[in-house]
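Each chain, written out:
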Amino acid sequence: MEEALTVKQKQYLEQPKERISGSEAVVRCLLAEGVDILYGYPGGAIMPVYDELYKYQDKIHHVLTRHEQGATHAAQGYARISGKVGVAMATSGPGATNLITGIADAQIDSTPIVCITGQVASHLLGSDAFQETDIIGISTPVTKWNHQITKASQIPEVIAKAFYIARSGRPGPVLIDITKDAQFEEFDFQYKKCTGVRSYIPVPKIDESKLNTAADLINNAKKPMIVWGQGVILGKAEEELKAVIEKAGIPSAWTIMGASAIPTSHPLNIGMVGMHGNYAPNVLTNQCDVLIAIGMRFDDRVTGKLDEYARQAKVIHFEIDPAEVDKNVKTEVAVLGDSKESLSKLLPLLKPNSHTEWHQKFKDLYAIEFEKVINNDLHPTKEGLTMGEVLNEINKQSKGEAAIVSDVGQHQMIACRYAEFNVSKSSITSGGLGTMGFALPAAIGAKMAAPNREVVAIIGDGGYQMTIQELGTIFQQKTPVKIVVLNNEFLGMVRQWQQLFFDKRYASTEMTNPDFVAIAKGYYIDAKKVTKREELASAVEEMMKSKGAYFLEVCVEKEDNVFPMVPSGASVSDIRLE
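Okay, so let's go over this structure. (Residues numbered from 1 in each chain as written. Predicted model: local features only at pLDDT ≥ 70, side-chain atom pairs only at ≥ 80, totals over all residues. Heavy atoms only, no water.)

Strand β9 (residues 224-228) sits mainly inside the fold: 5 of its 5 residues count as buried. The side-chain alternation of β9 yields two buried faces, one formed by Pro224, Ile226 and Trp228 and the other by Met225 and Val227. In terms of strand pairing, β9 meets strand β12 (residues 290-294) through 5 bridges, oriented parallel. The residue bridging Trp228 from the neighbouring strand is Ile294, located in β12. As paired elements, β9 and strand β10 (residues 252-254) share 3 bridges and run parallel to each other. Looking across to β10, one finds that Trp228 is bridged to Trp254. (Buried < 20%, exposed > 50% of the residue type's maximum accessible area, 1.4 Å probe, protein only. Helix = DSSP H or I, 4+ residues; strand = E, 2+ residues; numbered from the N terminus. Pairing = 2+ DSSP bridges.)

The next subject is the packing of aromatic side chains. One pass over the full model with this rule turns up 11 aromatic pairs. On the numbers, 6.1 Å between centres and 85° between planes, the contact of Phe187 with Phe189 is edge-to-face. Joined through ring pairs, the aromatic side chains of Tyr464, Phe516 and Phe551 make up one cluster. Just above the ring of Phe490 sits the side chain of Arg495; from NZ or CZ to the centre is 5.7 Å. (Phe/Tyr/Trp six-rings, centres within 6.5 Å; stacked < 30°, edge-to-face > 60°. Lys NZ or Arg CZ within 6 Å of the ring centre and 35° of its normal.)

This part is about the environment of Glu470. Positionally, Glu470 belongs in the loop between α20 (461-464) and α21 (471-477). The spatial distance from the C-alpha of Glu470 to the C-alpha of Ile414 is 24 Å, given a sequence separation of 56 residues. With residues up to four places along the chain from it excluded, the contact list for Glu470 reads Thr65, Arg66, His67, Gly70, Leu440, Pro441 and Ile444. (Contact = heavy atoms within 4.5 Å.)

Neighbouring strands of a sheet are bound in pairs by backbone hydrogen bonds; such pairs are parallel or else antiparallel. The 6 strands are arranged β3-β2-β4-β5-β7-β6 in an open sheet whose pairing can be described as parallel. Looking at the sheet topology across the chains shown, the edges are occupied by β3 (61-64) and β6 (145-149). Between one strand and the next, the sheet's axes are offset by a mean angle of 20°, whatever the strand orientation. As paired strands, β6 and strand β7 (residues 173-179) are joined by 5 bridges and run parallel to one another. In the sheet register, Trp145 faces β7, and the bridge partner there is Val174. (Axes fitted to C-alpha atoms, helices over the stretch in contact; angles between N-to-C directions.)

Below, the discussion takes up the side chain of Thr429. Looking at where Thr429 falls in the secondary structure, it is placed in strand β16 (residues 427-429). Residues in contact with Thr429, not counting those within four places in the same chain, are Arg80, Asp109, Ile256, Met257, Ser406, Asp407, Gln412 and Phe438.

Right, let's talk about the nonpolar core for a bit. One finds Leu291 and Val554 to be the most contacted residues of the largest nonpolar core, which totals 97 residues. Ranked by residue count, the leading element in this core is helix α16 (residues 356-378), at 6 residues. With near-sequence residues (within four places) excluded, Val554 lies in contact with Leu385, Val390, Val484, Val485, Leu486, Asn487, Val530 and Leu536. Judged by nonpolar contacts, the second largest core, of 51 residues, contains Ala106, Val142, Ile459 and Tyr464. (Core = buried A, V, L, I, M, F, W, Y, C linked by side-chain atoms within 4.5 Å.)

Taken as a whole and assessed by the stated rule, the structure comprises 27 salt bridges. A salt bridge links Arg28 to Glu18; the shortest N-O distance between them is 3.2 Å. Of the two residues, Arg28 is situated in helix α2 (residues 22-32) and Glu18 in strand β1 (residues 18-21); the sequence distance between them amounts to 10 residues. Given the relative accessible area of 9%, Arg28 is considered buried. By relative accessible area, which is 33% here, Glu18 ends up partly exposed. Glu510 is the partner of Lys558 in a salt bridge, and the nearest nitrogen-oxygen pair spans 2.9 Å. Within this pair, whereas Lys558 is found in the segment after β20 (550-555), its partner Glu510 is found in the loop between α22 (492-501) and α23 (516-522), the two being separated by 48 residues in sequence. (Salt bridge = Lys/Arg side-chain N within 4 Å of Asp/Glu carboxyl O.)

This is the structure we're talking about:
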């Protein structure tokens, strides 16, 4: 859906032609697209643009991250919580290649970001000049679209197209590479918003007959189940989903990327599916008669063993991207289109229902999971602290209003399982790529995009050290993020697999860690370390009440495992509770 133009954007769109440099044109284009914050790291090939940014610093706030990867993750965090396009910028060569991990992460998690890179002068292309890399060739597999600009006159059209492609349909990352001579060259500048691209259909037209077929299947189902993904959030379809599940009385589960679309406490929210999801929705996936997938892509971590996934069910797939239909799971009917529009049109076709007996099966299995797993995670009797009780304490202090930005590993699964979400866009994590180091810079971007929301980063001691330098960004920008490191002195998720499947051969997973509190204090960030249960509540309270950035290290049990768990290659109904 196209965003409404602000007065400031109209100002830059309605300007008559004016002769300016390519570098100033880049900045003018960003202003026309409503960009107020961008993340980056300067260097020789992008220096002309940075020189122009210096002149416009009252209009665009540039955030100097400590690494280009941090810039892309910060842009992702900004985009994920705001729904707008995040922007990152870097120089050529290593600056550009350092963006690639974040770009790949944005691609698989459908996050709209625009990355701008400088490039050597056009007459040097292909000559192995200093800091020259073929970033177009490198980024092609992990971008929604990319383009190299060699003439200043190309800048307005290409940037307009980049923002349109990044935000439209199924969102994703776009990269624009601009040669240095194009940045210096002058031309007659005028900006026009892009409203369409030939042969690109971002939102398929809904086939009403397929919508009717889907409604008939749902109305006649005895044991229906919904699994929703991030497509609901990206499509701003949270209220429509809620209306559908309440009218039809359908038990509804979510993928890791769909978390927070519906409040955790909603009675029809039955929890998370997937490898470390909840027991009931995983087991009963293989007992439902109609499986309704909404804005999700049947990732392998959700399906487990594909040839044993929901074989008994008729599958309905609501999806915006035709490439995802029948890619992994064969559907009975696929309804292509925007999730908000599709669910709005589905709602009047549905008959009211309650499915009381079917719901009871979910409740019975939840009781088993609560006794064997959940209660032990949240209210342990063991001496050492658990990751679950840390999340439980954060829930008490935040009342489910905080945005939780989680890194990758055991703590991520615990955060997604136990964090309480009352507001959409409250769970920000690296789902498809599983990028360790994501959370710290992503939390910076999220907090800058939503300064009135509490943003809490949940990170493991391994992933934290991959982007720990971004503490410098927090210090310089005075960004009041809350950072919680759950320290088990292991690469915990890998260690869990080594314990369960490699006879406890802990090869290269034990961590000898530095003094995290001293490092945080070195960046003038308030910090505390918790080693005992009786210290936890007061430390979390102190963190949440802090007006500035705060670092909290919690030392947890070294060899705790995350259950339930679907072993790799197993069926979802073979999920283990211990």
